[in-house]
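Examining the three-dimensional arrangement
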Amino acid sequence: MIDLDDVSVSAGEVRLLAPISASVDAGGALIVRGRNGAGKSTLLRVIAGVRAPTSGAVRIGGDIVTERDRRMRRRVAVMIGLPPAAPDLTVADHVLLVATTWEEDAAAAAALASGVLSELGLTSLAERYPHELSSGQMQLFGLALVLARPFEVLVIDEPEQRLDPEHVDVVIRVLRARRDRGATLVVATHDPRLAAGLAGRTLWLDAAA
Ligand SMILES: Nc1ncnc2c1ncn2[C@@H]1O[C@H](COP(=O)(O)OP(=O)(O)OP(=O)(O)O)[C@@H](O)[C@H]1O
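Residues numbered from 1 in each chain as written. Predicted model: local features only at pLDDT ≥ 70, side-chain atom pairs only at ≥ 80, totals over all residues. Heavy atoms only, no water.

Here we take up the site of the ligand. In the vicinity of the ligand, the contacting residues are Val 14, Leu 16, Arg 35, Asn 36, Gly 37, Ala 38, Gly 39, Lys 40, Ser 41, Thr 42, Glu 158 and His 190. At 3.2 Å, a backbone N or O of Ala 38 approaches an oxygen atom of the ligand. Within the contact set of the ligand, an oxygen atom lies 2.8 Å away from a side-chain nitrogen or oxygen of Ser 41. A total of 650 Å² of accessible area belongs to the ligand in isolation, and the protein chains cover 59% of it. Secondary-structure elements contributing two or more residues to the shell around the ligand are β2 (14-24) and α1 (40-48). With three residues, α1 is the largest single contributor of residues to the shell around the ligand. Grouping the constituent residues of the shell around the ligand by class yields three nonpolar, six polar and three charged. (Near = heavy atom within 4 Å. Polar contact = N/O pair within 3.5 Å; in protein donor to acceptor, adjacent residues only side chain to side chain. Areas by Shrake-Rupley, 256 points an atom, 1.4 Å probe, with all protein chains shown as cover. Helix = DSSP H or I, 4+ residues; strand = E, 2+ residues; numbered from the N terminus. Nonpolar A, V, L, I, M, F, W, Y, C, P; charged D, E, K, R; others polar.)

Strands sit in the order β2-β1-β4-β5 across an open sheet of four strands; the sheet is antiparallel. In this open sheet, the two strands that pair with only one neighbour each are β2 and β5 (63-64). With five bridges joining them, strand β1 (residues 2-11) and strand β4 (residues 55-60) adopt antiparallel strand pairing. The partner of Leu 4 across the bridge, within β4, is Val 58. Relative to the sheet, α1 contacts β1, β2 and β4, its axis offset from that of β1 by approximately 120°. (Pairing = 2+ DSSP bridges. Contact = heavy atoms within 4.5 Å. Axes fitted to C-alpha atoms, helices over the stretch in contact; angles between N-to-C directions.)

Another aspect to go through is the sheet that holds strand β9 (residues 201-204). Strands sit in the order β6-β7-β8-β3-β9 across an open sheet of five strands; the sheet is parallel. Each end of this open sheet is capped by a strand with a single partner; those strands are β6 (76-79) and β9. Strand-to-strand twist in this sheet, taken as the mean axis angle between neighbours without regard to direction, amounts to 15°. The pairing of strand β3 (residues 29-33) with β9 spans four bridges and is parallel. Across the sheet, Leu 30 pairs through a bridge with Arg 201, a residue of β9. In this fold helix α5 (residues 135-147) packs onto β6 and β7 (153-157), with an angle of close to 170° to the strand it touches most, β6. Packing of helix α6 (residues 165-180) onto the sheet brings it into contact with β3, β7 and β8 (184-188), and relative to β8 it is tilted by some 150°.

Rendered as structure tokens:
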């Protein structure tokens, strides 16, 4: 499903990601581990198509990844950092906006949006504005946005950030559920519990420089 063929990233003389090859089958999970600065976020950006590799290639379902291709965008959902939020839209408005962008049937979009909010325990916060959320709640909000759209591949950088242990469990459950439905996961994490909970294949990165 995802093939990384000798992928590396440099910026001038600086090496952000040392050459790496790996593959993950459809419905599998690739857990990206490594110390600060090892290149995890860089690798995820390359898999997401938002950064071109300096060498090598990333293929998803045999196709070279490019973010400009809408068919590819539909297949790959990405959360690297928190998404921007519109100050005048509520949590529910945001999630519904994403769902209706991709889902033509309004009732199906509404059901998807409310289902995602419920799964992440955000229903009681649905009418809040983004600035009225705590940092952990913002993290869950960001996850809700990425889950409220279709994907075959879900790329998430450190989903455990800002979350207490109970909410890390919620995230493990939610991501496992997506995998059970056939999605392929690529997750960078520093949390051994999250890594174990996703039960995927671990790719350890060494610091590039
Ligand atoms: N634009 C850039 N120019 C030069 N070096 C960069 C740039 N962006 C990142 N780096 C460097 O590339 C390396 C990899 O960074 P990256 O963010 O991918 O690491 P990471 O494994 O995700 O780290 P962390 O665990 O801290 O999130 C780091 O040494 C970083 O300083």
